[in-house]
Amino acid sequence: MKKDTRTSKFFAIYKILLIGGWEEHRTDVGRCFAKGMGNEFLVLNLHETFLKDSQNLAANWFLHSDELSEIGQEIFPNKQRTWLPLRAFIEAPQEQQALVSVSDKEEYSAEDAEKLIGKITAWGQAVDVKRTIQNIAQASIPNVGGAQLKYLAALAYVGDFNTLMDYQAAFQKGRRLNFTPMITLEMIDRAVDIALERA
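Residues numbered from 1 in each chain as written. Predicted model: local features only at pLDDT ≥ 70, side-chain atom pairs only at ≥ 80, totals over all residues. Heavy atoms only, no water.

*Asks:* Residues and numbers for the nonpolar core, please.
*Replies:* Formed by 52 residues in total, the largest nonpolar core has its most connected members in Ile-13 and Ile-75. The contact partners of Ile-13, leaving out residues within four places of it in the chain, are Leu-57, Tyr-108, Ala-113, Leu-116 and Ile-117. (Core = buried A, V, L, I, M, F, W, Y, C linked by side-chain atoms within 4.5 Å. Buried < 20%, exposed > 50% of the residue type's maximum accessible area, 1.4 Å probe, protein only. Contact = heavy atoms within 4.5 Å.)

What follows is the structure in structure tokens.
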């Protein structure tokens, strides 16, 4: 297959992100940028696709809570930093996405890039972080291990020790409820302790 030698149409957006203080992290599927916003990080993932007569830029962005992730790290200690983005597994719109398509005859201008980045930044500033975490804590037990860790961290964050102690008692009796093998009694014990401190 002949290698595509076309130049990216989206250089402007990368340049504006870096000038604007976003930090870049390379991933296997594209480019990831993050910018601090108080106790949160706004995370933007970008992935380019070269088509026959055009180029597409797929973007998705979400907010990451440092405090929630630190609680997750206490519940599930590991060498790698625990990453608990405020992706909504219960209700939108806590993650957003867009697809920009530019034909080979067009250009993606700095003005277009600034509009997209402005839209993303405004969205991040408008997210009610505490309410989002409360929504996660008030949901039913998720089906996936990573989401379950985030759920336990959210319960600890809001100080809901009653719910966590119910789970603790169930685990002590050998009932795992809907939790995956990733979640252990020791993890729930830690979540209870954190919730009691924060209540």
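*Asks:* Which residues make up unusual backbone geometry, and what values do they have?
*Replies:* Despite not being glycine, Leu-177 has its phi angle at roughly 55°, a positive value. The exposure class assigned to Leu-177 is partly exposed, which follows from its relative accessible area of 45%.

*Asks:* Tell me about a negative patch on the surface, and name the residues and values.
*Replies:* Where like charges cluster on the molecular surface, the negative patch consists of Glu-70, Glu-74, Asp-193 and Glu-197. On the secondary structure map, Glu-70 appears in helix H2 (residues 66-75). (Patch = residues over 30% accessible without salt bridge, like charges linked within 9 Å, V, L, I, M, F, W, Y side chains within 5 Å. Areas by Shrake-Rupley, 256 points an atom, 1.4 Å probe, with all protein chains shown as cover. Salt bridge = Lys/Arg side-chain N within 4 Å of Asp/Glu carboxyl O. Lys, Arg positive; Asp, Glu negative; His and termini not counted. Charge placed at Lys NZ, Arg CZ, Asp CG, Glu CD. Helix = DSSP H or I, 4+ residues; strand = E, 2+ residues; numbered from the N terminus.)

*Asks:* Can you break down the confidence of the model for the chain residue by residue, with the values?
*Replies:* Predicted coordinates in regions of low pLDDT should not be interpreted in detail. Per-residue confidence for the chain averages 88 on the pLDDT scale, and 93% of its residues sit at or above 70. Here residues 88-93 is modelled with pLDDT under 50, and outside its nearest four sequence neighbours on either side it reaches eleven contacts, counting other chains as well. (pLDDT = per-residue confidence, 0-100.)

*Asks:* Tell me about the packing of aromatic side chains, residues and numbers included.
*Replies:* All chains considered together, the criterion is met by five aromatic pairs. With centroids separated by 5.2 Å and ring planes inclined at 65°, the aromatic side chains of Phe-10 and Tyr-108 adopt a geometry described as edge-to-face. Taken together, the residues Phe-10 in the segment before helix H1 (11-19) and Tyr-108 in the loop between strand E5 (95-103) and helix H3 (110-126) connect sequence positions 98 residues apart. What makes Phe-10 buried here is its relative accessible area of 0%. (Phe/Tyr/Trp six-rings, centres within 6.5 Å; stacked < 30°, edge-to-face > 60°.)

*Asks:* Explain helix H5 (residues 145-157) residue by residue, including any values.
*Replies:* The end-to-end C-alpha separation of H5 is 18 Å, in line with the 18 Å expected for 13 residues at 1.5 Å each. Counting buried residues in H5 gives twelve out of 13 residues, a clear majority hidden from the surface. Those residues of H5 lying buried are Gly-145, Ala-147, Gln-148, Leu-149, Lys-150, Tyr-151, Leu-152, Ala-153, Ala-154, Leu-155, Ala-156 and Tyr-157. One or two steps after H5, the chain reaches Gly-159, where phi turns positive at roughly 75°. (Expected span 1.5 Å × (residues − 1).)

*Asks:* Describe helix H4 (residues 129-138), and please don't skip the residues or the numbers.
*Replies:* Listed as buried for H4 are Val-129, Thr-132, Ile-133, Asn-135, Ile-136 and Ala-137. Measuring from the backbone nitrogen of Lys-130 back to the side-chain oxygen at the start of H4 gives 3.4 Å, which picks out Asp-128 as the cap. (Polar contact = N/O pair within 3.5 Å; in protein donor to acceptor, adjacent residues only side chain to side chain.)

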